[in-house]
Amino acid sequence: MKKLVVLTGAGISAESGIKTFRDAGGLWEEYDIMEVASIEGWHKNKELVIRFYNERRKQLETVQPNAGHIALAELEKYFDVQIITQNVDDLHERAGSSNILHLHGELVKVRSTLDPSIIYDIRYKEIQLGDKCDKGSQLRPHIVWFGEAVPEMMNAATIAQHADIFVVIGTSLNVYPAAGLIDYAPKSAPLFIIDPNPIAANIFRKIEHIKEKASTGVTRLAEILKDKYC
């Protein structure tokens, strides 16, 4: 099987009803992003940050994977699919995808502020100020915030280096370091981008742009890939 590496962003989850920061009516209009999604914000007001992610977790429980998530899972019948996602939701998992690397953490998990290796899967439950890990330190969302390193970046780069086909879905490719992953994909690997919006001008290689939302674009992609490579 050919190795199909897929980088997904907020656009694929937005179709399931998850609010993004950048879109009109998104979370940026309700919250100062640096107050709830930065390490400085955490140190300034832990209670606000905990409440923000409790709200996000509560909303996540009410939404479902869309046709884009499901079509990606079904592509595993024909390709060795590896998903690298910038999203912190669990919709790829719930759609049935097997191999998922979360670049920016996972909303359904929390971790120790003392020992980052202590991680708890809480699903859609809330945490509160005063909830502690087994070592006695405050629990925090298992999210990579602004001002923090992206621990999975090197693993993602390695995955991209082994791609036979590289696909980008629902991301502007303006946010680094994730946007730089396409530069790790072999030059021989066909590059597909699924997004109804214009693509970033800084891509200096041949691409096939499917100008559709993920829910319909992934189905179209599957037809193209199966016709060309199966």
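This write-up is about the structure you can find in this document. What you see is a predicted model; the values in this text were computed from it and never measured.

About the criteria used
Residues numbered from 1 in each chain as written. Predicted model: local features only at pLDDT ≥ 70, side-chain atom pairs only at ≥ 80, totals over all residues. Heavy atoms only, no water. Phe/Tyr/Trp six-rings, centres within 6.5 Å; stacked < 30°, edge-to-face > 60°. Buried < 20%, exposed > 50% of the residue type's maximum accessible area, 1.4 Å probe, protein only. Lys NZ or Arg CZ within 6 Å of the ring centre and 35° of its normal. Core = buried A, V, L, I, M, F, W, Y, C linked by side-chain atoms within 4.5 Å. Helix = DSSP H or I, 4+ residues; strand = E, 2+ residues; numbered from the N terminus. Contact = heavy atoms within 4.5 Å. Pairing = 2+ DSSP bridges. Axes fitted to C-alpha atoms, helices over the stretch in contact; angles between N-to-C directions. Parallel < 35°, antiparallel > 145°, perpendicular 65-115°, else oblique. Left-handed = near helix turned anticlockwise from the far one by under 90°. Nonpolar A, V, L, I, M, F, W, Y, C, P; charged D, E, K, R; others polar.

## Some thoughts on the packing of aromatic side chains
For the coordinates displayed, the defined rule picks out 3 aromatic pairs. Taken together, a centroid distance of 4.9 Å and an interplanar angle of 90 degrees make the contact between Phe52 and Tyr53 edge-to-face. The two residues Phe52 and Tyr53 agree in class, both being buried. Ring pairs connect the aromatic residues Trp42, Phe52, Tyr53 and Trp145, which therefore count as one cluster. Above the face of the Tyr124 ring, Arg123 is positioned so that its terminal group lies 5.4 Å from the ring centre.

## Describing the nonpolar core
The biggest cluster of nonpolar side chains holds 25 residues, and the ones touching the most others in it are Trp42, Tyr53, Leu60, Ile127 and Trp145. Those elements that place two or more of their residues in this core are helix H2 (33-36), helix H3 (39-44), helix H4 (46-60), strand S4 (105-112) and strand S6 (139-143). Broken down by element, this core gets its largest block of residues, 6 residues, from H4. Apart from residues lying up to four places away in sequence, Tyr53 is in contact with Val36, Ala37, Leu107, Pro141, Ile143 and Trp145. Listed in part, the 23 residues of the second largest apolar core include Leu103, Leu173, Ile193 and Ile203.

## Side note on the sheet that holds strand S1 (residues 3-8)
What the 6 strands build is an open sheet, ordered S3-S2-S1-S7-S8-S9; its pairing is parallel. Single-partner strands in this sheet number two, and they are strand S3 (100-102) and strand S9 (208-210). Direction aside, neighbouring strands of the sheet carry axes that sit 15 degrees apart on average.

## Remarks on the environment of Ala73
By the element assignment, Ala73 lies in helix H5 (residues 67-74). Judged by its relative accessible area of 12%, Ala73 falls in the buried class. Sequence separation of Ala73 and His92 is 19 residues, and the distance between their C-alpha atoms is 7.7 Å. Excluding its chain neighbours within four sequence positions, the residues that come into contact with Ala73 are Ala95, Gly96 and Ser97.

## A short note on the packing of H5 against helix H8 (residues 214-229)
Their axes nearest at 7 Å, the elements H5 and H8 cross at an angle of 25 degrees. By the angle class used here, H5 and H8 are roughly parallel. The element H5 and its partner H8 pack so that their crossing is left-handed. Between H5 and H8, the residues in contact are Ala67, Gly68, Ala71 and Leu72 and Ala214, Ser215, Val218 and Thr219, respectively. Grouping the constituent residues of the contact of H5 with H8 by class yields 5 nonpolar, 3 polar and no charged.

## Notes on the sheet that holds S4
Taking strand neighbours across the sheet as the criterion, the 3 strands line up as S5-S4-S6 in an open arrangement whose pairing is antiparallel. Edge strands, defined here as strands with exactly one partner in the open sheet, are strand S5 (119-121) and S6. Averaged over all pairs of adjacent strands, the angle between their axes in this sheet comes to 40 degrees, without regard to strand direction. When S4 meets S6, the two strands line up antiparallel, connected through 4 bridges. From the neighbouring strand, Ser112 faces S6, where its bridge partner is Leu139. The sheet contacts of H4 involve S4 and S6, and relative to S4 the element is tilted by about 140 degrees.

## Considerations on the pairing of strand S2 (residues 80-85)
A regular strand carries its side chains on alternate faces of the sheet. Across the 6 residues that make up S2, a large majority, 5, are buried. Looking at chain direction, S1 and S2 are connected through 6 bridges and run parallel. Note on S2: the bridge partner recorded for Leu4 is Val81. With 3 bridges connecting them, S2 and S3 associate as parallel partners. Following the sheet pairing, Ile83 is matched in S3 by Ile100.

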